[in-house]
Amino acid sequence: MTERVKRAFAAKAMMIALGVLLAPIPTVRAQPSLAAKCNGTANIGADDRIAGCTAVIEAAPGNLQGTTFAYFRRAMFLLEKGEVDRAIADYTHVIERDPNNQIAFVRRAWAYQRKGDVDAALADFGRAVELNPKDAYAYLGRAGAYIMKGDADRAIADYGQVVLIHPDNVAAYLGRAQAYDLKREPDRAIADCNRAIEISPERGAGAGLICRARVRITNGDFALGLADLNQAIQFNPKDAGAYLTRAAAYLMRRDIDSAIADYSQVIALHPDNVDAYTGRGRAYDFKDEPDRAIVDCDRAIAIGGPRGAAAGLVCRGHAHVAKGDFELASADFDQVIQLSPKASGPYEGRAAVFLARGDLERALADIKQGIQLAPDAPGLYRLAAVAHFQGGLLQEARDDLVRAGELDRKNPYTQLWLDLVRQKTGQPSGLDEASGRLDLSNWPAPIVRLFLGATTLEDVVKAADDANPVKMRGQLCEAHFYGGELALAKGATDEAVRLLRLAADGCPKTYVEWAPANAELRKLDTRH
């Protein structure tokens, strides 16, 4: 199973738009037409508005009130253009002249968050809370930043503060639900989703249904989750979030055509939606159509500003991996790391490229950097375990898998890898006990049963068969790889070589099993 499909569904931080009404800007000595462009509501382009605000600032450098609002307005228009660093500079100028300007701290925090500098955002949100402990927006922003850091407990505390200030704040319940889901407390998460629906049937119903669907699907209840998403789409047929969430759910189930249909619907409704293009790009990867994926990734880069560039480069990097163009993939991940040095995803993507090329040292260095940025991401620890396993460092692999299991007790792949390591090092299995926490009604349950000695490899291969060719290819890849590793652990070398060759030839290059299958074959060839 590819890690990026799961991450594609993983919960993201819910960004709450900050609306601050700005007072009219005194024109002072600036030209009236330019001041009007800065402060007016007419249909004026962002460049003209920025020029107008600049004129106000330059005309009255000593007028604190007038220039403060001009800096706010100019920063807003700069953000519209995707010029985040210039917007941050404007907010910083306001703060330097007025160190207690609480709105400037909140706005700069949102800009830092948009840039991916979560630590800087947390610092600014924290100062904003100190300056105004009753500002719900500051708590909402800080809670979202905590979620981006994986700190669910602090996020829950901040969302709780919002509820104390405004008991009917829909965004607080939706955000807290996400935090509870991160803590693996689905019942409390669903209760908050339901509360959002109750509070605002008109405004909160669609978001609440999507919220509840995410919790249900990530906890294995696909049918109920899909029903919630269908209801959300009926509630608002133009809601991009519902289609995007349903598309991601379809990807999890390897229903690629349905996912592509939903992403395409979003594009029809919102032609500049970056998430729809990158999502459809991932789907085309799974259909083994990387060239079509690259077209969508390039479109995201073209339309999305800094955020679209980063997401599109990650998307394109994975498409290059699918084609086996590892140099091009590495170049894309290099570029996105320059754009977003504090995001863990690009390091994980580049690490996968290094693994495919057999460069374990650089792969582990990138994984380590990713873990420093996202210390509670179980997928990073699983990838570290795969790298250590590939390099024959089994004790290190075991430690990584134990940590991954602590962070996500229900992931079957963590348990399969851990069982392999234990078998290779002569330790007791532990899979029998762990299997009680796993969903044994869906794939890869047949492989789990194989490891438990409750079925045969022949039956696993039969179970991998599916009318969906994309799904069947992925399941056969995993059946051959894990079957081969199990055979090798039991000393059946010839059978292991046969199965691992099938995995190396049949696994998509985007699957985490492809690189270790090839590495294992190289070791076996050397051994013989």
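Residues numbered from 1 in each chain as written. Predicted model: local features only at pLDDT ≥ 70, side-chain atom pairs only at ≥ 80, totals over all residues. Heavy atoms only, no water.

K.L.:
Please explain the environment of His 388 as it appears in this structure.
P.N.:
Relative to the helices and strands, His 388 is located in helix H22 (residues 378-390). Distance from His 388 to Asp 262, taken between C-alpha atoms, is 38 Å for residues 126 residues apart in sequence. The contact partners of His 388, leaving out residues within four places of it in the chain, are Leu 364, Leu 393, Glu 396, Ala 397 and Asp 400. Only 2.7 Å separates the side chain of His 388 from the side chain of Asp 400, close enough to count as a polar contact. (Helix = DSSP H or I, 4+ residues; strand = E, 2+ residues; numbered from the N terminus. Contact = heavy atoms within 4.5 Å. Polar contact = N/O pair within 3.5 Å; in protein donor to acceptor, adjacent residues only side chain to side chain.)

K.L.:
What am I meant to see in the state of the cysteines here?
P.N.:
Each disulfide consists of a covalent bond between the sulfur atoms of two cysteine residues. This structure, assessed with the given rule, holds four disulfides. Two residues, Cys 38 and Cys 53, share a disulfide whose sulfurs are 2.0 Å apart. Of note, the bridge from Cys 38 to Cys 53 carries an S-S torsion of about 95° and is right-handed in sense. You can see Cys 38 sitting in helix H2 (residues 32-39) and its partner Cys 53 sitting in helix H3 (residues 46-59), a full 15 residues away along the chain. Residue classification places Cys 53 among the buried residues on the basis of a relative accessible area of 0%. The side chain of Cys 193 participates in a disulfide bridge whose partner is Cys 211; the two sulfur atoms lie 1.9 Å from each other. One quick way to see it: the torsion about the S-S bond of Cys 193 and Cys 211 is about -60°, and its sign makes the bridge left-handed. (Disulfide = S-S within 2.5 Å. Buried < 20%, exposed > 50% of the residue type's maximum accessible area, 1.4 Å probe, protein only.)

K.L.:
Just checking my understanding: could you explain the packing of aromatic side chains for this structure?
P.N.:
The tally for this structure, following the rule as stated, stands at nine aromatic pairs. When the centroid spacing of 5.0 Å and the interplanar angle of 80° are considered together, the rings of Phe 481 and Tyr 482 count as edge-to-face. Of the residues examined, Phe 481 reaches a relative accessible area of 0% and is grouped as buried. For Tyr 482, a relative accessible area of 0% translates into the label buried. (Phe/Tyr/Trp six-rings, centres within 6.5 Å; stacked < 30°, edge-to-face > 60°.)

K.L.:
Even after reading the chapter, I still don't get the nonpolar core, so can you show me in this structure?
P.N.:
When a protein is soluble and globular, its nonpolar side chains tend to lie buried together. One finds Leu 355, Phe 451 and Tyr 482 to be the most contacted residues of the largest nonpolar core, which totals 102 residues. Residue contributions to this core peak at nine residues, all from helix H14 (residues 240-252). Leaving out residues up to four positions away in the same chain, Leu 355 has contacts with Leu 360, Ala 363, Leu 383, Val 386, Ala 387, Gln 390 and Ala 515. The next biggest cluster of nonpolar side chains, apart from the first, holds 62 residues, and it includes Ala 35, Ala 121, Ala 128 and Ala 138. (Core = buried A, V, L, I, M, F, W, Y, C linked by side-chain atoms within 4.5 Å.)

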